There are 2 protein chains.
Amino acid sequence: MATIEDVAKLAGLSRTTVSRVINDQPYVTEEKKQRILQAMDELGYVPNSSARRLRSQRTDTIAVLLPRITNPFFANLIESMEKKASQWGYQVIVCQTHDSEKKELDYLQLLKTKQVDGVVMTSLCNDWEVIEPYLESGPIVLCNEYMEEMAVPMVHMDHRKAAYESTIHLIDQGCKNISYVSGGSDTYLAEERKTGFLKALEERALPFLEAASVDWAIHVEDGRKVFNHIKDHHPIIDGVFTGSDEVAAGVVYEAVQAGWNVPDDLAVVGFDNQMLSLLMFPSVTTIDQPVAKMADRTIEVLVRQLMNPRANKARRYIYSHKLLVRNSTLKKQLVTNL
Amino acid sequence: MATIEDVAKLAGLSRTTVSRVINDQPYVTEEKKQRILQAMDELGYVPNSSARRLRSQRTDTIAVLLPRITNPFFANLIESMEKKASQWGYQVIVCQTHDSEKKELDYLQLLKTKQVDGVVMTSLCNDWEVIEPYLESGPIVLCNEYMEEMAVPMVHMDHRKAAYESTIHLIDQGCKNISYVSGGSDTYLAEERKTGFLKALEERALPFLEAASVDWAIHVEDGRKVFNHIKDHHPIIDGVFTGSDEVAAGVVYEAVQAGWNVPDDLAVVGFDNQMLSLLMFPSVTTIDQPVAKMADRTIEVLVRQLMNPRANKARRYIYSHKLLVRNSTLKKQLVTNL
């Protein structure tokens, strides 16, 4: 059985530094932290005996709550979380909330009934006041979804900035009448995206075409309906912002089937950089999220809280996105002007 | 609280018939059964008080074990199972085994430790002798995966027949050198598919090109590698059988990028009728599985066993597939001859 000294030795750092990392204390550089975490992984180190004893009374199970696993963004997030959790000796169970307040609470109940040790929430349906009491039964970390106040650790991207950038990109490509297509969830994350979208329109003095916007699109099939809705009722639309690669793929597919030129007649941006967005013809411009990094960090933060309930509880970890420009937005008349 | 009489009344059938359905006894027509199940759903009926009492000592949680949720086939299966389970008052937790024998047993442990009431296994890594003892702790139903012996209820398709049909289709389209592309799992289901593939080759007196076959392809990225492997080492290959739409999509994408004509240079079949197979250009020929029907049946069978442990334990429910012929296999020279 590896000891903290073994970890320190392999990492070439002091015992104190290792201890700092385990307890999520400040003043350790990211490079040292990574060396220590790698050494722990290599040695299969489980922190000190009292933590071990504590854990032996536990389930070694983490629940991850997500809206739906048919969304590949969440499936990929889980994939990475599970790998990381497994390195620390935890198994992951996945719970779908379908954006239902009741289901979310039902699954949080697993924490109360000690069926799981900790919870990761990747979405948030209830108000925080409703969730907070569950913290008495075990730690909760937010990943992907976030909020204003900081009652728990939060690991996420800046969705406002991402939405702003992809909207500006649409406008730079010549779009003047952009439809805002979302799934209609009223989470903080969803609000942030919309704020970013509206900010871009405002900056470029373009109107928000509320009537031509859609708040019910989640799946590929919805995207196909969105295109037909645009074609039949708002043919003036020349750009579509979506918060989902699936929806974007549906729009692109149906537009191409209907003989529209994507992007010249209709430019489309997705979100999440799913494999689908690359495979589509034309390929779909999208926002890449650092899924693996966010997943790893989330598990790391949660496991530290499980090992040491006094570990820093309310820190925010914000990750950067990348706008991946592909053929669904690169208008030809502009390309020839480049 | 609804009673069995309420259900009988709403369904317009006798109390005895309702009781038969609850206990999964024979001699009830499918039509009557559906009426009764619908009436139960509508009334939110939970069968008799002793079952209720029993259930109150339980977790009302079902674990579904699957290889990986990034495979949309399983994600869709879960989606349907969860809907059905929810109608019966059960919540579903999802457990990824990654085809690991150890992880599979770790999750089955949830049954022993009473963290869940019942388990659905959609894949099977361990030998059945290893799984069987867990049945003492609660019911297990197999869905998708199956095996020769019938120790538990099994809900599945005939994968041998499906693979046979899509291979015959490739041959009918003129393919003479077909590569067999799989994920290399050695489950019964995987063997069945391969048997069907080989049977088709044998019937049409074509050789099995083992050297040009691949047993490591699971994701889209693997499919892209498969194509490059074929191009560089086995350019004679003119048809690809895959057990996965993701892999098929990767093959098709990479082939098109490389300037090959799909299907004239290379015909490709997938499996599972994922949305991706329809959205690809060209669209991918595939096998449609009745996912929702299989999922519903699985939950129904499991819930009955939870309500009545003496319910029929070892029945097999086999569903039919559909071969969906699309552009990735419809060779032009043949189409013009039609």
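Basis of the calculations
Residues numbered from 1 in each chain as written. Chains lettered and ligands numbered in written order. Predicted model: local features only at pLDDT ≥ 70, side-chain atom pairs only at ≥ 80, totals over all residues. Heavy atoms only, no water. Pairing = 2+ DSSP bridges. Helix = DSSP H or I, 4+ residues; strand = E, 2+ residues; numbered from the N terminus. Axes fitted to C-alpha atoms, helices over the stretch in contact; angles between N-to-C directions. Contact = heavy atoms within 4.5 Å. Buried < 20%, exposed > 50% of the residue type's maximum accessible area, 1.4 Å probe, protein only. Right-handed = clockwise from strand over helix to strand, strands pointing away. pLDDT = per-residue confidence, 0-100. Arc of directions from axis to C-beta. Buried area = accessible area lost by both parts, 1.4 Å probe. Salt bridge = Lys/Arg side-chain N within 4 Å of Asp/Glu carboxyl O. Polar contact = N/O pair within 3.5 Å; in protein donor to acceptor, adjacent residues only side chain to side chain. Least-squares fit on C-alpha atoms with pLDDT ≥ 70 in both.

An unreviewed UniProt entry lists chain A under the name LacI family transcriptional regulator, with Halobacillus salinus as the source organism.

Colleague: Quick one: what's the story with the sheet that holds strand E8 (residues 267-269) of chain B, residue by residue and with numbers?
Modeller: All names here are of chain B. Within the open sheet, the three strands sit side by side as E6-E7-E8. Their pairing is parallel. Of all the strands in the sheet, the pair left with one neighbour each is strand E6 (178-181) and E8. This sheet shows a mean twist of 15° between the axes of neighbouring strands, independent of strand direction. Pairing of strand E7 (residues 239-242) with E8, which is carried by three bridges, proceeds in the parallel orientation. Along E8, the bridge assignment pairs phenylalanine 241 with valine 269. Against the sheet, helix H11 (residues 245-257) contacts E6, E7 and E8, and its axis sits at roughly 160° relative to E8.

Colleague: How would you explain the pairing of strand E1 (residues 61-66) of chain B if you had to name every residue and give the values?
Modeller: Residues and elements named next belong to chain B. Burial within E1 is extensive, with six of its six residues counted as buried. With burial as the criterion, each face of E1 is covered, one bearing Thr61, Ala63 and Leu65 and the other bearing Ile62, Val64 and Leu66. Of the strand pairs in this sheet, E1 and strand E2 (residues 91-96) are connected by six bridges, and their pairing is parallel. Residue pairing across strands places alanine 63 opposite isoleucine 93, the latter belonging to E2. The parallel pair E1 and E2 is bridged by helix H5 (residues 72-87), and the resulting crossover is right-handed.

Colleague: Before we move on, could you go through the confidence of the model for chain A and cite the residues and values that matter?
Modeller: Residues and elements named next belong to chain A. Here chain A averages 90 in pLDDT, and 93% of its residues register 70 or above. Confidence over residues 49-55 falls short of pLDDT 50; this stretch has nine contacts with residues more than four positions distant or in other chains. Predicted complex, confidence summary: ipTM 0.77, pTM 0.80.

Colleague: Requested: an account of helix H1 (residues 4-11) of chain A, with residues and values cited.
Modeller: Residues and elements named next belong to chain A. Along H1, the residues classified as buried are Ile4, Val7, Ala8 and Ala11. An end-on view of H1 places all buried positions within 100° of arc, on one side of the element. Buried-residue contacts for H1 involve helix H2 (15-22) and helix H3 (30-43). Of the residues trailing H1, glycine 12 is marked for its positive phi of about 70°.

Colleague: Can you tell me about H2 of chain A, naming the residues and giving the values?
Modeller: Residues and elements named next belong to chain A. What H2 keeps buried is the set Thr17, Val18, Val21 and Ile22. The buried residues of H2 occupy an angular sector of 140° when the element is viewed end-on, so they sit on one face. Those residues of H2 that are buried lie in contact with H1, H3 and helix H13 (291-307).

Colleague: Tell me what's going on with the interface of chain A and chain B, and back it up with residues and numbers.
Modeller: How large an interface is tends to be reported as the accessible area lost when its parts come together. Contacts between the two partners involve 34 residues from chain A and, on the opposite side, 34 residues from chain B. At the boundary of chain A with chain B, total buried surface from both sides reaches about 3,000 Å², with 59% on carbon and sulfur atoms. Across the chain A-chain B interface, the total number found is zero salt bridges. If you look at where chain A meets chain B, you find ten residue pairs in polar contact (both at pLDDT 80 or more).

Colleague: Would you mind going over the environment of glycine 239 of chain A in detail, with residue names and values included?
Modeller: All names here are of chain A. Summarising the element assignment, glycine 239 is placed in strand E7 (residues 239-242). Here glycine 239 falls in the buried class, since its relative accessible area comes to 0%. When the C-alpha atoms of glycine 239 and proline 207 are compared, they prove to be 13 Å apart, with 32 residues separating the residues in sequence. In this view, glycine 239 contacts Cys175, Asn177, Ile178, Ser179, Leu266 and Ala267; residues no more than four positions away in its chain are not counted.

Colleague: Hey, could you go over the relation of the copies chain A and chain B for me, with residue numbers and the actual values?
Modeller: The operation relating chain A to chain B is a screw motion whose rotation component is 180°, with 0.1 Å of axial translation and a residual RMSD of 0.2 Å. The symmetry that links the two subunits is that of a two-fold axis. Identified as the residue of chain A closest to the rotation axis by C-alpha distance is valine 94 of chain A, at 2.3 Å. A share of 100% of interface residues in chain A that are also interface residues in chain B marks the association as one of identical surfaces.

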